[in-house]
Amino acid sequence: MQELHDAPLAPLTTFRLGGPARRLVTATTDDEVVAAVREADETGTPLLIIGGGSNLVIGDKGFDGTALRIATEGFALDGTRLELAAGEVWTDAVARSVEAGLAGIECLAGIPGSAGATPIQNVGAYGQEVSATITEVVAYDRRAGETVTLTNAECAFSYRHSRFKEHPDRYVVLRVRFALEDAGGLSAPVKYPETARVLGVEAGDRVALTTARETVLKLRAGKGMVLDPADHDTWSAGSFFTNPILAREQYEDFLGRVHDRLGPEVAPPAFPAGEDGERIKTSAAWLIDKAGFTKGYGSGPARISTKHTLALTNRGEATTEDLLALAREVVAGVRDAFGVTLVNEPVTVGVEL
Ligand SMILES: Cc1cc2nc3c(=O)[nH]c(=O)nc-3n(C[C@H](O)[C@H](O)[C@H](O)COP(=O)(O)OP(=O)(O)OC[C@H]3O[C@@H](n4cnc5c(N)ncnc54)[C@H](O)[C@@H]3O)c2cc1C
């Protein structure tokens, strides 16, 4: 187990932001992870788990406690069953499962970070979410002081949410198990309209697995959603805000404001959400754009990506406070324009929006 003191955390995040940790521990086995967590809990030391740092906004003052970087390795295939150690690089695991001819996570290619973080916010993109293929999550339960295996149902997955996100200080994910599909080299049915259009197929069709993965990677790169150290549009946490889900009444109020502001002919993006269809999901990117925060917005060191309105980015010299000031400006602008309050997707450490 590697241990450093007063260690900078910014280089461990895709924003390249945040002050130092009092102590930074890197664990390469499950036993080391559990030992480090137990030690922190027994001594009452605040603990921050870090995977790939691609969904973290760490305050400029840093973290006064132990930051535990999970660097475990393990990619085990048994037929269509896949088990990943938490520290596995997610996008590499997707590439290897596609190479093995297995479908189910090919549209999640290019998402940065670790396998162990994927269940936390039920990672999703281009019509797939990990909740559709995860069978079990092995985690250390800090409350019970033991390692537990949670079934898919027990993970309580929903849109960008799970039991793990609900109880942020309770579980440390050690392993994630998936049931993939052998569809003879074909992908899972293509669900996302943009992907289907680019592939020239109908929604529900299957395409070659490698084609599906490569198409998604290309679409993502065009939006600055594949990490590239040379491109500041990717010094981000991907989408900074989740898509708002509105109750029907709220939606009617929102629609009224859209019509007042943009004209009665304008129809905002709207998708049924939830079991009863009584809730409606709209697009955070659309709201931000229509509230006047277009691509590249901002004049300081933190700006909206030039490729995607939903990504807030560090142009190189930003501080976390710069980023939060921009985020607050966007939240206030969207609220004033449309009466909808955006919620941040990345996890904040020592700061709030
Ligand atoms: C360019 C870019 C594009 C992105 N695109 C997408 C996308 O399309 N879809 C999407 O859903 N997300 C996307 N993201 C967000 C991010 O990549 C995912 O949320 C990813 O799963 C985070 O993984 P990580 O290992 O980097 O987590 P970190 O940022 O290290 O941690 C995130 C949170 O999870 C916790 N955590 C991490 N590992 C563990 C563990 N083993 N056990 C318990 N808690 C843990 C941390 O404490 C923290 O609270 C994108 C980010 C970037 C930078």
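What counts, and at which threshold
- Residues numbered from 1 in each chain as written.
- Predicted model: local features only at pLDDT ≥ 70, side-chain atom pairs only at ≥ 80, totals over all residues.
- Buried ≥ 20, exposed ≤ 12 C-beta atoms within 10 Å, placed from the backbone.
- Helix = DSSP H or I, 4+ residues; strand = E, 2+ residues; numbered from the N terminus.
- Pairing = 2+ DSSP bridges.
- Axes fitted to C-alpha atoms, helices over the stretch in contact; angles between N-to-C directions.
- Contact = placed C-beta atoms within 7 Å.
- Core = buried A, V, L, I, M, F, W, Y, C linked by C-beta atoms within 7 Å.
- Near = placed C-beta within 6 Å.
- Nonpolar A, V, L, I, M, F, W, Y, C, P; charged D, E, K, R; others polar.
- Domains from an automatic or database assignment.

**What about the pairing of strand β1 (residues 2-8)?**
Now for step 1: Buried residues are scarce in β1, accounting for zero of its seven residues.
Now for step 2: By the bridge criterion, six bridges tie β1 to strand β2 (residues 20-27) in an arrangement that is antiparallel. The residue of β2 that forms the bridge with L4 is L24.

**Considerations on the sheet that holds strand β7 (residues 81-85)**
Now for step 1: Pairing in this open sheet of five strands is antiparallel, and the strands run β6-β7-β12-β10-β11 from one edge to the other. Every other strand in the sheet has two partners, leaving β6 (75-78) and β11 (146-151) as the edge strands with one partner each. Sheet twist, expressed as the mean angle between neighbouring strand axes with direction ignored, is 20°.
Now for step 2: Sheet topology note: the β6/β7 ladder contains four bridges and is antiparallel.

**Details of the sheet that holds strand β3 (residues 47-50)**
Now for step 1: Taken together, the four strands give an open sheet; going across it, the order is β1-β2-β5-β3, and neighbouring strands pair in mixed fashion. Every other strand in the sheet has two partners, leaving β1 and β3 as the edge strands with one partner each. Neighbour-to-neighbour, the strand axes of the sheet open up by a mean angle of 25°, direction not taken into account.
Now for step 2: Of the strands in this sheet, β2, β3 and β5 (63-70) are in contact with helix α1 (residues 30-43), which crosses β5 at around 165°.

**What about the nonpolar core?**
Now for step 1: Core analysis: the biggest nonpolar cluster contains 94 residues, and V33, L68, V172, V173, L323 and V334 have the highest contact counts within it.
Now for step 2: Counting residues per element, this core draws most heavily on helix α8 (residues 320-338), at eight residues.
Now for step 3: Beyond its immediate stretch of four places on either side in the chain, V172 contacts V33, V37, I49, A139, Y140 and R142.

**Side note on the site of the ligand**
Now for step 1: Surrounding the ligand, one finds 33 residues, the nearest of these being G51, G52, G113, G116 and G238.
Now for step 2: When contributions to the shell around the ligand are tallied by element, the ones reaching two or more residues are β3, β8 (124-125) and β12 (171-179).
Now for step 3: Partitioned by chemical class, the residues of the shell around the ligand number 18 nonpolar, 15 polar and no charged.

**What to know about the environment of G277**
Now for step 1: Relative to the helices and strands, G277 resides in the loop between β14 (271-273) and β15 (279-281).
Now for step 2: Taking the C-alpha atoms as reference points, G277 and G300, 23 residues apart in sequence, are found 41 Å from one another.

**Overview of the domain arrangement of the protein chain**
Now for step 1: Segmenting the protein chain into domains produces domain 1 (2-70), domain 2 (75-222) and domain 3 (232-349).
Now for step 2: In this complex, domain 2 contributes four residues to the contact, which on the side of domain 3 involves four residues.
Now for step 3: Split into classes, the residues belonging to the side of domain 2 that touches domain 3 amount to one nonpolar, two polar and one charged.

**What about the pairing of strand β10 (residues 134-141)?**
Now for step 1: For β10 and β12, the ladder comprises seven bridges, and the chain directions are antiparallel. What sits directly across from D141, in β12, is Y171.
Now for step 2: Connecting β10 to the antiparallel partner β11 that follows it, the hairpin turn spans four residues, and G145 within it adopts a positive phi of roughly 70°.

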